[in-house]
Amino acid sequence: MRWRGSALLISLLAGMVSSAQAAGPVTRTAMPGPDQFELRAVLPVDRTVLLPLLEQPCHVRQWMPAVETLTILERPSSTQTLVHMARSAPWPLSGRDAVTLFERHPGDPVVLTMQGKPDAWPEQPGYVRVPFTEGSWSLQVQPETGSTGVVYRQRVNPGGGIPQWLADRLAPGQMEAALAALENYVRDPQRTDCTAAEPATHGAG
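Residues numbered from 1 in each chain as written. Predicted model: local features only at pLDDT ≥ 70, side-chain atom pairs only at ≥ 80, totals over all residues. Heavy atoms only, no water.

Undergrad: Mind showing me how you'd approach the pattern of salt bridges here?
TA: Opposite charge on two side chains permits them to pair, given that their charged atoms come into close proximity. Applying the stated criterion across every chain yields a total of nine salt bridges. The shortest N-O distance in the salt bridge between Arg 40 and Glu 38 comes to 2.9 Å. Relative accessible area serves as the criterion here: at 49%, Arg 40 is assigned to the partly exposed category. Overall, the relative accessible area of 16% leaves Glu 38 in the buried class. (Salt bridge = Lys/Arg side-chain N within 4 Å of Asp/Glu carboxyl O. Buried < 20%, exposed > 50% of the residue type's maximum accessible area, 1.4 Å probe, protein only.)

Here it is in structure tokens:
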């Protein structure tokens, strides 16, 4: 969908992120194509507890804003997971879906990288396929407090006629909303436990 009314689009998309609470200032690095954004925070949970909240679909569906479906498509290796995620959007925007390869890189920090693979799975009716996305979660142990230092990086071209300058303008608020939702989930003693460490291929997880 091509947009001529940028003011309307800004208003609609800003409504998706207006409740975000920043964990810290979002920094922006100019790059060819989508710019890179970085957000830092400290979450009050041990890294061994935080990792499953980022990697297991049953957890991510509970905290990630606007997620409709999240499905593991394939596990190419013991450290890699190919995932399809579809997210809703307010009318008249179309929902977006993305196929992303997640890879865990051990060490300190542990780094979870995210690389878009838009052609790895057929396009789904009712969604605009995100043509480009990459990012990472870096998780640093904070032994003195039992917390985890988090560095969240992201670059996204949402496609569907949304201009890149507008996507970059809205990216900080969307990242803040995601991190705020994750922090609320981490602090929620009533969060639903996810016991399946290895979801079945093509399963919901």
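Undergrad: I keep staring at the packing of helix α2 (residues 47-55) against helix α4 (residues 164-187) and nothing clicks. Help me out?
TA: Running from amino to carboxyl end, α2 crosses α4 at an angle of 125°, the nearest separation of the two axes being 11 Å. In this view, α2 runs oblique relative to α4, as classed from their interaxial angle. For the pair α2 and α4, the sense of crossing is right-handed. Where α2 approaches α4, its residues Leu 50, Leu 53 and Leu 54 are matched on the opposing element by Leu 182, Tyr 185 and Val 186. For the contact of α2 with α4, the class distribution of residues is six nonpolar, no polar and no charged. (Axes fitted to C-alpha atoms, helices over the stretch in contact; angles between N-to-C directions. Helix = DSSP H or I, 4+ residues; strand = E, 2+ residues; numbered from the N terminus. Parallel < 35°, antiparallel > 145°, perpendicular 65-115°, else oblique. Left-handed = near helix turned anticlockwise from the far one by under 90°. Contact = heavy atoms within 4.5 Å. Nonpolar A, V, L, I, M, F, W, Y, C, P; charged D, E, K, R; others polar.)

Undergrad: What should I look at first to understand the packing of aromatic side chains in this one?
TA: Centre-to-centre distance and the angle between the planes together describe a pair of aromatic rings. Counting across every chain of the model gives two aromatic pairs. Plain terms: the ring middles of Trp 63 and Trp 137 are 6.4 Å apart, the flat faces sit at 90° to each other, and that makes the pair edge-to-face. Of the two residues, Trp 63 sits in helix α3 (residues 57-63) while Trp 137 sits in strand β8 (residues 132-142), which places them 74 residues apart along the sequence. Residue class for Trp 63 comes out buried when judged on its relative accessible area of 5%. (Phe/Tyr/Trp six-rings, centres within 6.5 Å; stacked < 30°, edge-to-face > 60°.)

Undergrad: Just to check I follow, could you spell out the pairing of β8 for this structure?
TA: In the case of a regular strand, side chains alternate between the two sheet surfaces. Both strand β6 (residues 110-116) and β8 contribute to a ladder of six bridges, which runs antiparallel. Its bridge partner lying in β8, Thr 113 is registered against Ser 136. In this structure, β8 lies alongside strand β9 (residues 147-157), joined through eleven bridges in antiparallel fashion. Bridged to Gln 142 within β9 is Ser 147. Between the antiparallel neighbours β8 and β9 lie four residues, among them Gly 146 with a positive phi of about 75°. (Pairing = 2+ DSSP bridges.)

Undergrad: Would you mind showing me how to read α2 here?
TA: The periodicity of an α-helix, 3.6 residues per turn, causes residues three or four places apart in sequence to face the same way. By the burial criterion, the buried members of α2 are Arg 47, Leu 50, Leu 51, Leu 53 and Leu 54. Down the axis, α2 shows its buried residues gathered within 165° of arc, on one side only. (Arc of directions from axis to C-beta.)

Undergrad: Looking at this structure, I do not really get the nonpolar core. What am I missing?
TA: Here is a general trend for soluble globular proteins: nonpolar side chains tend to be buried in one another's company. Ranked by size, the top nonpolar core spans 31 residues in total, and within it Leu 50, Leu 54, Trp 63, Trp 137 and Leu 182 carry the most contacts. Of all the secondary structure elements, the ones that give two or more residues to this core are β2 (36-43), α2, α3, β3 (67-77), β6, β8, β9 and α4. When residues of this core are assigned to their parent elements, the largest contribution, eight residues, is made by α4. The residues contacting Leu 182, other than those within four sequence positions of it, are Leu 43, Leu 50, Leu 53, Leu 54, Trp 63 and Trp 137. (Core = buried A, V, L, I, M, F, W, Y, C linked by side-chain atoms within 4.5 Å.)

Undergrad: How do you make sense of the pairing of β3 when you look at a structure like this?
TA: Examined bridge by bridge, β3 and strand β4 (residues 80-87) share seven bridges and lie antiparallel to one another. Bridged to Val 67 within β4 is Arg 87. Counting the residues that bridge the hairpin from β3 to β4 gives two residues.

Undergrad: Sorry, what's going on with the confidence of the model for the protein chain here?
TA: The predicted structure's coordinates, where accompanied by low pLDDT, should not be read in detail. In the predicted model, the protein chain carries a mean pLDDT of 84, and 83% of its residues have values of at least 70. Helix α1 (residues 6-17) is the least confidently modelled element of the protein chain, averaging 37 in pLDDT, while β6 averages 98, the highest of any element. pLDDT under 50 marks residues 1-22. Its contacts with residues more than four places away, or in other chains, come to 38 contacts. (pLDDT = per-residue confidence, 0-100.)

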